[in-house]
Amino acid sequence: MVDMLRRRKRRHAVDSMMESALLYAEMGWPVVRGAAPGEDRACTCDRIGCPAPAAHPVTAAWGVEASTDADTIRRWWAADPHANVVLPTGRVFDVFDVPRAAGVMALTRMGRAGLPAGPVASVEDRYLFFVATRSSVDEDEWWSCRLDCVPETVDEMPGLRWHCRDSYVLGAPSALSPGGRVTWIRNPRADEGQVVLPDPIAVLDILSDTSEEFAD
């Protein structure tokens, strides 16, 4: 009985991957397949000692392949049903990635200030804040963080990472290599079914303060 329940749970999670990818596409959010935790290893990719197990696209051409086409998405996940869902940033939205404690405090402060938080996801010990993307001109004036950077070592805003062009995040309900899944703290359609992406400057002001407070 226990094994049967486990199989059903895994089957539901796999079904949810395609369903979630299609829902993101309906919102106009491009998606692409990601690696997943393996049966006997941390990541399904072929890279020995993968530095980001189950947290990266399956192909280096992800930036070109990302799509909102339903037929394409169904074909991808039919061929690879365990694939995680990867959401490219810098197209429809940017993402601020902060330590969990800083994110919890930021949500409290936003609530007190009457500032809409927008979609917020939880990934292990990090919170992801989805905000409206900036234009390429505006990005030249922004601090940014490379995909391979360590947020805690960034001098400008320790602990905070900004995902914009040429970056990506995992979308719920992607499976995490240590166990568990990406989950929504605030669903993208939490605001009466509408996807509301808040102004990044207003959110950044609060996140930079809370991230600095928890940097130590």
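Residues numbered from 1 in each chain as written. Predicted model: local features only at pLDDT ≥ 70, side-chain atom pairs only at ≥ 80, totals over all residues. Heavy atoms only, no water.

> Summarise helix α6 (residues 200-213); cite the residues concerned and give the values.
In a regular helix each residue adds 1.5 Å, so 14 residues correspond to 20 Å; α6 covers 20 Å between its end C-alpha atoms and thus fits that length. P200, V203, L204, I206, L207, S208, T210 and S211 are the residues of α6 that are buried. The inward-facing, buried residues of α6 abut β3 (93-99), α4 (100-113) and β5 (126-132). (Helix = DSSP H or I, 4+ residues; strand = E, 2+ residues; numbered from the N terminus. Expected span 1.5 Å × (residues − 1). Buried < 20%, exposed > 50% of the residue type's maximum accessible area, 1.4 Å probe, protein only. Contact = heavy atoms within 4.5 Å.)

> Go over a negative patch on the surface with me, naming the residues and quoting the values.
On the surface, a cluster of negative charge is made up of D199, D205, D209 and E212. With respect to the helices and strands, D209 occurs in helix α6. With relative accessibility at 41%, the residue D209 sits in the partly exposed group. (Patch = residues over 30% accessible without salt bridge, like charges linked within 9 Å, V, L, I, M, F, W, Y side chains within 5 Å. Areas by Shrake-Rupley, 256 points an atom, 1.4 Å probe, with all protein chains shown as cover. Salt bridge = Lys/Arg side-chain N within 4 Å of Asp/Glu carboxyl O. Lys, Arg positive; Asp, Glu negative; His and termini not counted. Charge placed at Lys NZ, Arg CZ, Asp CG, Glu CD.)

> I'd like to hear about helix α3 (residues 70-79), residue by residue, with values.
When α3 is considered as a whole, its buried residues turn out to be T72, I73, W76 and W77. Take α3 and look down its axis: the buried residues cluster within an arc of 120 degrees, on one side only. Opposite the buried face of α3, at more than 90 degrees from it, the exposed residues are D71, R75, A78 and A79. (Arc of directions from axis to C-beta.)

> Let's hear about the nonpolar core: which residues, and what values?
Judged by nonpolar contacts, the single largest core of 30 residues is most densely connected at Y24, V31, I73, W77, V85, L87 and F130. Among the elements of the structure, α1 (2-26), α3, β2 (84-88), β3, β4 (120-123), β5 and β7 (168-171) are those that each provide at least two residues to this core. Here the element with the most residues in this core is α1; it accounts for five residues. Setting aside anything within four residues of it in sequence, one finds Y24 in contact with W29, V31, V85, L87, G171, A172 and W184. Judged by nonpolar contacts, the second largest core, of 17 residues, contains M110, F129, C164 and I206. (Core = buried A, V, L, I, M, F, W, Y, C linked by side-chain atoms within 4.5 Å.)

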